[in-house]
Amino acid sequence: RPVQFIFAGKAHPNDKPGQDLIKRIVEVAAMPQFVGKILFLQNYDMELARRMVQGVDVWLNTPTRPLEASGTSGEKCVMNGVLQFSVLDGWWVEGYKEGAGWMLPMERTFADQGYQDELDAEMIYNTIEEQIVPKYYDRGSDGIPHQWVDSVKKCVADIASNFTTNRMLRDYEERFYNKLAARKREIVEGGYKLAREIAAWKRKVSAAWDKVRVIDVQRVRIDDEAIFVGEKYHFEVTVDIANLRPEDIGVEMVIAQQIVGGGKVNVTRTIGLKHTKTDGSRVTYALDYVPGEAGTFDVALRLYPYNPHLPHRMDFALVKWA
């Protein structure tokens, strides 16, 4: 059950580690025990790449996570029924389908890259020996590796079909172009009526924002009671909205995974509070929250300017924390 490794590529003139790696591959390929088993193809160009993406059985790609720019060579391979084996990085995060290729996990096990490389190398060898080679050499009485062919068919049908120019253009059209065109029509209608209204609203909110203040907050006292999944908990925020309208202010509860040692904030969800009472310029917003999952979370309440005609929060990035 022989396996042949074919390497090709070029290192940037200033990439000394890349040049050293290629030199080492050439040296190993020349060793008697590896002759014919490890090959390095020189003068890599588009013509050589065209032949490789059509002629190999497995495309082995091992970027250092998360540094893969894209992985377009792998996308070209699946168009030709070549099975991909790569780290879940770049395009393979989206492209991988079980049974139509192989993967190394996205998550790192070690912070030290040397240790991580050793682990990944071991996983690569184990995958080749225990999964790829047996499937390739498992031939029926007709000499055909039926399981391998099934994987190739699944690769083309379930993966390649999602990485075509048609799909890309459709995504751009549906997710961006159509929405932007509709937004433009809405903004310019009536001599830019909506645009002028939004600009006036932003000026009004900006002028009043420093006067907006949180007067009172009622929240669950975690130190005094346990929080149970399925139980209802009441949150309430009273705000002096100055000369703004209650509907100009949005209030929401922000739930994030517990932040440890100044680590990265990972917001899992936000839940809006509803306007429940108005007393002059004092407005109360409330939420009855029922936790749906167990775990350790950080919870905070924040205020922001709300306008239904601004679909994205970054369009007006003012905020106050309660």
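Above this text sits the structure in question.
So, how was this worked out
- Residues numbered from 1 in each chain as written.
- Predicted model: local features only at pLDDT ≥ 70, side-chain atom pairs only at ≥ 80, totals over all residues.
- Heavy atoms only, no water.
- Pairing = 2+ DSSP bridges.
- Helix = DSSP H or I, 4+ residues; strand = E, 2+ residues; numbered from the N terminus.
- Axes fitted to C-alpha atoms, helices over the stretch in contact; angles between N-to-C directions.
- Phe/Tyr/Trp six-rings, centres within 6.5 Å; stacked < 30°, edge-to-face > 60°.
- Buried < 20%, exposed > 50% of the residue type's maximum accessible area, 1.4 Å probe, protein only.
- Lys NZ or Arg CZ within 6 Å of the ring centre and 35° of its normal.
- Contact = heavy atoms within 4.5 Å.
- Core = buried A, V, L, I, M, F, W, Y, C linked by side-chain atoms within 4.5 Å.
- Salt bridge = Lys/Arg side-chain N within 4 Å of Asp/Glu carboxyl O.

**What to know about the sheet that holds strand β3 (residues 58–61)**
Across a sheet, paired strands are connected by hydrogen bonds in the backbone, their directions being either parallel or antiparallel.
1) Next: Read from one edge of the open sheet, three strands run β3-β4-β5, paired in parallel fashion. The open sheet has two edge strands, β3 and β5 (101–104), and neither has a second partner. In this sheet, neighbouring strand axes are inclined to one another by 10 degrees on average, regardless of whether the strands run parallel or antiparallel.

**Focus: unusual backbone geometry**
1) Next: A cis amide bond links Arg 65 with the next residue in sequence, Pro 66, at an omega value of 0 degrees.
2) Next: Along the chain, Pro 66 turns up in the loop between β3 and α3 (72–79).
3) Next: Positive phi is not limited to glycine here, since Asn 43 has a value of about 55 degrees.
4) Next: Here Asn 43 is to be found in the loop between β2 (38–41) and α2 (46–55).

**Here we look at the sheet that holds strand β8 (residues 249–257)**
1) Next: Taken together, the four strands give an open sheet; going across it, the order is β9-β8-β12-β13, and neighbouring strands pair in antiparallel fashion. Of all strands in the sheet, those bounded by a partner on one side alone are β9 (267–272) and β13 (320–321).
2) Next: Two elements, β8 and strand β12 (residues 297–305), share nine bridges in a ladder whose sense is antiparallel. Looking across to β12, one finds that Gly 250 is bridged to Tyr 304.

**What about the packing of aromatic side chains?**
1) Next: In total, this model carries ten aromatic pairs according to the counting rule given.
2) Next: Ring plane angle 80 degrees and centroid distance 5.1 Å describe the contact between Tyr 136 and Tyr 137, whose orientation is recorded as edge-to-face.
3) Next: Judged by its relative accessible area of 24%, Tyr 136 falls in the partly exposed class.
4) Next: Just above the ring of Phe 163 sits the side chain of Arg 167; from NZ or CZ to the centre is 5.5 Å.
5) Next: It is Arg 313 that lies over the ring of Tyr 304; its NZ or CZ is 3.6 Å from the centre.

**Things to note about the side chain of Gln 116**
1) Next: Mapped onto the elements, Gln 116 comes out in helix α5 (residues 113–137).
2) Next: Beyond its immediate stretch of four places on either side in the chain, Gln 116 contacts Arg 65, Arg 108, Thr 109 and Phe 110.

**Description of the side chain of Thr 127**
1) Next: Within the secondary structure, Thr 127 sits in helix α5.
2) Next: For Thr 127, the residues in contact, after removing those within four places along its chain, are Phe 85, Trp 102 and Ile 132.

**Considering the nonpolar core**
1) Next: Of all hydrophobic cores here, the largest spans 29 residues; its most connected members are Phe 235, Ile 249, Met 253, Leu 273, Tyr 285 and Leu 303.
2) Next: Of all elements in the fold, only α7 (165–208), β7 (233–240), β8, β11 (282–289) and β12 reach the threshold of two or more residues within this core.
3) Next: At six residues, α7 tops the list of elements feeding residues into this core.
4) Next: With residues up to four places along the chain from it excluded, the contact list for Ile 249 reads Trp 209, Ile 241, Leu 244, Tyr 285, Leu 303, Tyr 304 and Tyr 306.
5) Next: Judged by nonpolar contacts, the second largest core, of 19 residues, contains Leu 88, Trp 91, Ala 100 and Ala 160.

**Details of the pairing of β8**
1) Next: Counting buried positions over the nine residues of β8 gives eight, a clear majority of the element.
2) Next: Inspection of the sheet shows β8 paired to β9 by five bridges, in the antiparallel sense. Paired with Glu 252 across the two strands is Gly 272, which belongs to β9.

**What to know about the pattern of salt bridges**
1) Next: Inspection of the entire model under this criterion finds 15 salt bridges.
2) Next: Lys 16 is paired through a salt bridge with Asp 20; the nearest N and O atoms lie 2.9 Å apart. One end of the pair, Lys 16, and the other, Asp 20, are both in helix α1 (residues 16–29), four residues apart, so they sit about a helical turn from each other.
3) Next: For Lys 16, a relative accessible area of 48% translates into the label partly exposed.
4) Next: Of the charged contacts, one joins Asp 240 and Arg 213 as a salt bridge, the two residues approaching to 3.8 Å between their closest N and O atoms. Placement of the pair is Asp 240 in strand β7 and Arg 213 in strand β6 (residues 213–218), with a sequence separation of 27 residues.
5) Next: Exposure remark for Asp 240: the relative accessible area of 15% places this residue in the buried category.
6) Next: When its relative accessible area of 45% is taken as the criterion, Arg 213 is described as partly exposed.

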